[in-house]
Amino acid sequence: MSVSQRVLGLSAWFHDAAAALVVDGRLVAFAQEERLSRRKNDPALPTRAIAACLAQGGLNINDIDLVVWHEKPLLKFERVLLTSLRTFPQGLTTFRRAMVSMVGDKLWVKARLVERLGIAPGRVRFSGHHQSHAAAAWRCSPFDRAAVLCVDGVGEWATTTTWRAREGALEPLSELHFPHSLGLLYSVFTAFLGFRVNEGEYKVMGLAAFGEPRYTDAVHRVLRCSKDGSFELDLDHFLFHRHPERSWTPAFEALFGAPRAPGAPLEQRHKDLAASIQQVLEERLLALCRQLHADTGESKLCLGGGVALNSVAVGRILAEGPFEDVFVMPAAGDAGSALGAALVGAGLPRVTLRHAAWGADLPPEPIQRFLEGGGIAHSRPPDIAVAVAERIAAGQVVGWMQGRFELGPRALGQRSILANPQDPLAKDHLNQRIKFREPFRPFAPSVRADASAALFDLPAGGAWARRFMSTTVPGRDPRLASALHVDGSARVQEVHPEDQPLYAHLLDEVEARTGLPAVINTSFNLAGEPMVASAADGYATFLRCDMDALAIGPYLITRDRPPERP
């Protein structure tokens, strides 16, 4: 594709729709539609996200030179069609449903974009799905050259791809095709364990620490592995490729027992199943990394695709893998492919991410108008970081909304709920009375980067992954107990003052009062909802849970009375 000055990248119509704007080779804005529509994993054409990105750049749609879609619809249609024909007649129902879906928006993407956005047909381009993932993984990293590994459920045909990145170009090396997919295998176990696919994979990863990998031999019976890291699923155990509602066969249940119904009590068997699929995933990713290192000789690795969000697996790659350093695209899933598509359209400029604050902003003036217009009692402390640090040190839980919201699924100090990691009741209180989620779910710490080595056992590489909570490391300071998982690990975020000055200032003030430059940092949302974006979103969420205070920009909102602790 030719180099263009103003490029809009888009992903939509599956899950996690998003838009990204690149102007003159610089990232200007990125937004997921769910943050603005308030619909979790919103797959719709991201009209709100597009508007937010254009507003951030001071542009309108007529100023855009190229709109780049994150995948190639005709190739995806080919996969759906051929898969249905190969599984006929068992796949007939799946075929009918897929055709109804594909012949609408998902196939005629160019026509829909022209119609909905009002752009000229000649301005629409397409990037390959894994090409988009690879571009985002590499060009958002600080590495001039690297090996790139992308692993997800499925794009057009590819489920796993490897690349060599150097001299401003991506060279494809290998790919594995649907239905053989580590992402889909993990999703089958997610559904089998009673969690929602494309949302509950984090829960399986967290649950794994409570189990023993007793079923790994059984998992290897449904996943045939080769020495070069490649793999195949034994399709006698799976239905996802030929059934619209079921993902596994009776043979799968014969190996692993009955599936858990959503909401049913968790048994030790379920925890052991989670531990088993997690261990197998880690082993397969390590095998792929070792082969990729042998093929390329590169010392740096970039990871993309939704499976790269498995921070426990990334921790093992850093600790045991052959690469000296690893970067994980913070929005590694399909949302981030919108940014990858924009980078492909812009000629693959480097846009190294030093922070994740690329969404819509929260300037003080609109916040003040919202608070005063709603008659909401508030104050403006001389230093909001000091005011919040005092409350955290006293054991309170505070909502923290500052600046532009985050790129990716993790709160990184822009839209966060913060608490004291030294409070032994913090974890249970956050899960039960604020987040309203499963009690086994862990919380992550934010720490000032220069203090991280004293608090955690850090591998030689991985500093860029730790900027974005993309990896787990063992904790070494017992004072962090409420920010550590049951296995003693933490998905740490290292905060750099030069990139997040206000958040780093807050950590300084917390350290002055508690002795630790660390807070529990969890996403500002309730269970089943997207992270908040606007002041109105944050205040509405604050009212529906037992948070003690809310800091929106320079303003502080407090409760009339302290909420009860569990």
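Above this note sits the structure.
Residues numbered from 1 in each chain as written. Predicted model: local features only at pLDDT ≥ 70, side-chain atom pairs only at ≥ 80, totals over all residues. Heavy atoms only, no water.

(A) Representation of the pattern of salt bridges. Counted according to the given criterion, the structure contains 31 salt bridges. The partner of Arg48 in a salt bridge is Glu33, with the nearest N and O atoms 3.2 Å apart. Placement of Arg48 in helix H2 (residues 47-57) and of Glu33 in helix H1 (residues 33-37) is noted, with a sequence separation of 15 residues between them. For Arg354, the salt bridge identified is with Asp499, shortest N-O distance 3.0 Å. With Arg354 in the loop between helix H13 (337-345) and helix H14 (364-373) and Asp499 in the loop between strand E18 (493-495) and helix H19 (501-514), this pair connects stretches of sequence that are 145 residues apart. Sharing partners across several salt bridges, the network here consists of Arg354, Arg467, Glu498 and Asp499. (Salt bridge = Lys/Arg side-chain N within 4 Å of Asp/Glu carboxyl O. Helix = DSSP H or I, 4+ residues; strand = E, 2+ residues; numbered from the N terminus.)

(B) Inspection of helix H6 (residues 129-139) at higher detail. Among the 11 residues of H6, 10 are classified as buried, and the element is accordingly described as predominantly covered. Listed in full, the buried residues belonging to H6 are His129, His130, Ser132, His133, Ala134, Ala135, Ala136, Ala137, Trp138 and Arg139. Structurally, H6 contributes buried residues whose contacts are with strand E6 (146-151), strand E7 (158-166), strand E8 (169-177), strand E11 (300-304), strand E12 (325-328) and H13. (Buried < 20%, exposed > 50% of the residue type's maximum accessible area, 1.4 Å probe, protein only. Contact = heavy atoms within 4.5 Å.)

(C) The nonpolar core, seen in detail. By size, the foremost hydrophobic cluster in this structure holds 102 residues, and its most contacted members are Val148, Phe256, Leu301, Met329 and Leu339. Looking at which element gives the most residues to this core, the answer is helix H11 (residues 268-296), with 11 residues. Here Met329 is in contact with Ala136, Ala137, Cys140, Leu303, Gly336, Leu339, Leu353 and Leu407, once residues within four sequence places are set aside. In terms of nonpolar packing, the next biggest core, distinct from the first, is built from 27 residues, Ile50, Leu54, Val109 and Leu117 among them. (Core = buried A, V, L, I, M, F, W, Y, C linked by side-chain atoms within 4.5 Å.)

(D) Quick peek at the sheet that holds strand E5 (residues 124-126). Within the open sheet, the five strands sit side by side as E3-E2-E1-E4-E5. Their pairing is mixed. Looking along the sheet, the strands with just one partner apiece sit at the ends: strand E3 (26-32) and E5. Across the sheet, the mean angle from the axis of one strand to that of its neighbour is 20 degrees, orientation sign disregarded. Direction of pairing for strand E2 (residues 18-23) relative to E3: antiparallel, over a ladder of six bridges. Residue Val22 lies in a different strand from E3, and its bridge partner there is Leu27. Along the sheet face, helix H5 (residues 109-117) touches strand E1 (6-11), strand E4 (66-69) and E5 and points at about 145 degrees away from the line of E5. Packed on one face of the sheet, H13 meets E1, E2, E3 and E4 and runs near 145 degrees to E1. (Pairing = 2+ DSSP bridges. Axes fitted to C-alpha atoms, helices over the stretch in contact; angles between N-to-C directions.)

(E) Structural view of the pairing of E3. For E3, the buried fraction is high: six of the seven residues fall into the buried class. Connecting the antiparallel pair E2 and E3 is a turn made up of two residues, with Asp24 showing a positive phi of about 50 degrees.

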